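Fold and contact review
The residues making up each chain are set out below.
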Amino acid sequence: MIKIENLWVELNGNLILEDISLEIKKGEIVAIVGPNGGGKTTLIRTILGFVKPTKGRVLIDGKEPKDYIKSGKVGYLPQKSSYERDFPVSALDVVMFGLVEVKISKKEKEKKALEVLRYVGMESFKDKPFGKLSGGQQQRVMIARAIISEPELLILDEPSTGVDVVAQESFYEFIKKLNQEKGITVLMITHDIGAVGSFVHKVVGLNKKLHYFGDFKDFLQKSNVDKLYGSEVKLLIHSPECFTCQYFNVEVKKH
Ligand SMILES: Nc1ncnc2c1ncn2[C@@H]1O[C@H](COP(=O)(O)OP(=O)(O)O)[C@@H](O)[C@H]1O
Ligand SMILES: [Mg+2]
């Protein structure tokens, strides 16, 4: 579904992504992990066609990103900081905004928006101001907005940042359900390697270069994690008995 071929990206003369090649199949859930500043957001912005490659290319379903996006088949949830302002609008309005380019009547948009709000368990909050909702509730509303156009591809940039652990778990359950019930391909940037490990199909380990691309189990081998996070990382060990648990919650600390 997504084919990235020898992709190089420079921003303001700085090399951000170096020779990335990978392929994501339809129906997969893929996690992108790596240290802060490693180019994760830049990679998905390139997949979305917002950033132009310096060399190489991205194809989605055989099409240029811009052409694929135009078809309305992509739902995108940006990194949280970019919408975390005090929206004076209702949850329903936020969701309806996901149909801004679709030419149907306001009544029909409202009906669809209510449907997806129900799907994410937020129907009873439809009239609440978005800014007054909790982090987890806001995230659900944003997901409703991202899926209202019935996308084939859902791209999420750190969807659980600022969401408490309980809300996080139900959020990931929801992503799993979305993938299983609707067959949506999901690409998400996350730091919760532990929480997503049980259900992601592939892991992309990115730090300028592609350090890892494969399944979660192999990713957990110490050499792979060390290679990706290097000496700048401090791993939080939650349970010393559990080898893999030491990678749950990877916190990047500069020395
Ligand atoms: N518009 C831009 N212009 C110049 N440099 C940028 C721009 N956006 C991001 N960068 C730089 O690219 C690098 C990767 O950033 P980003 O893709 O946001 O990483 P991540 O999402 O992995 O934290 C960082 O060093 C960042 O400063
Ligand atoms: Mg980022």
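Here's a quick rundown of the structure. (Residues numbered from 1 in each chain as written. Chains lettered and ligands numbered in written order. Predicted model: local features only at pLDDT ≥ 70, side-chain atom pairs only at ≥ 80, totals over all residues. Heavy atoms only, no water.)

**As for the coordination of the magnesium ion (ligand 2)**
Threshold: Metal-coordinating donors are taken as N, O and S atoms lying within 2.8 Å of the metal, or within 3.2 Å when the metal is Na, K or Ca; because water is left out, some sites can appear incomplete. In this description a helix means any DSSP run of H or I spanning at least four residues, a strand means any run of E spanning at least two, and both kinds are numbered starting from the N terminus. Summary of the burial criterion: residues with accessible area below 20% of their type's maximum are buried, those above 50% are exposed, and those between are partly exposed, where the area comes from a 1.4 Å probe applied to protein chains only.
The coordination sphere of the magnesium ion (ligand 2), as far as protein atoms go, consists of T41 (OG1) and Q79 (OE1), spread over 2.0 to 2.6 Å. With T41 in helix α1 (residues 40–47) and Q79 in the loop between β5 (74–77) and α3 (91–96), this residue pair connects regions lying 38 residues apart in the sequence. Overall, T41 belongs to the partly exposed group, its relative accessible area being 25%. Overall, Q79 belongs to the partly exposed group, its relative accessible area being 29%.

**Points about α1**
Most of α1 sits out of view: six of its eight residues are buried. Along α1, the residues that are buried comprise K40, T42, L43, I44, T46 and I47. Trailing α1 by a residue or two, G49 shows a phi angle of about 85°, which is positive.

**Concerning the pattern of salt bridges**
Applicable threshold: By convention in these notes, a salt bridge is any Lys or Arg side-chain nitrogen within 4 Å of a carboxyl oxygen on Asp or Glu.
According to the stated counting rule, one finds nine salt bridges in the structure shown. The partner of D67 in a salt bridge is K70, with the nearest N and O atoms 3.4 Å apart. One end of the pair is D67 and the other is K70, both in helix α2 (residues 65–70) and three residues apart, which spans about a single turn. D67 sits in the partly exposed class, given a relative accessible area of 37%. Overall, the relative accessible area of 68% leaves K70 in the exposed class. When the shortest N-O distance is used, the salt bridge between K176 and E173 registers 3.3 Å. Here the residue K176 and the residue E173 both occupy positions in helix α6 (residues 165–182), the gap between them amounting to three residues, near one helical turn. Assessed through its relative accessible area of 22%, K176 is described here as partly exposed. A residue is classified by how much of its surface remains accessible, and E173, at 46% relative accessible area, is partly exposed. Linked through salt bridges whose partners overlap, the residues forming this network are K3, E5 and R57.

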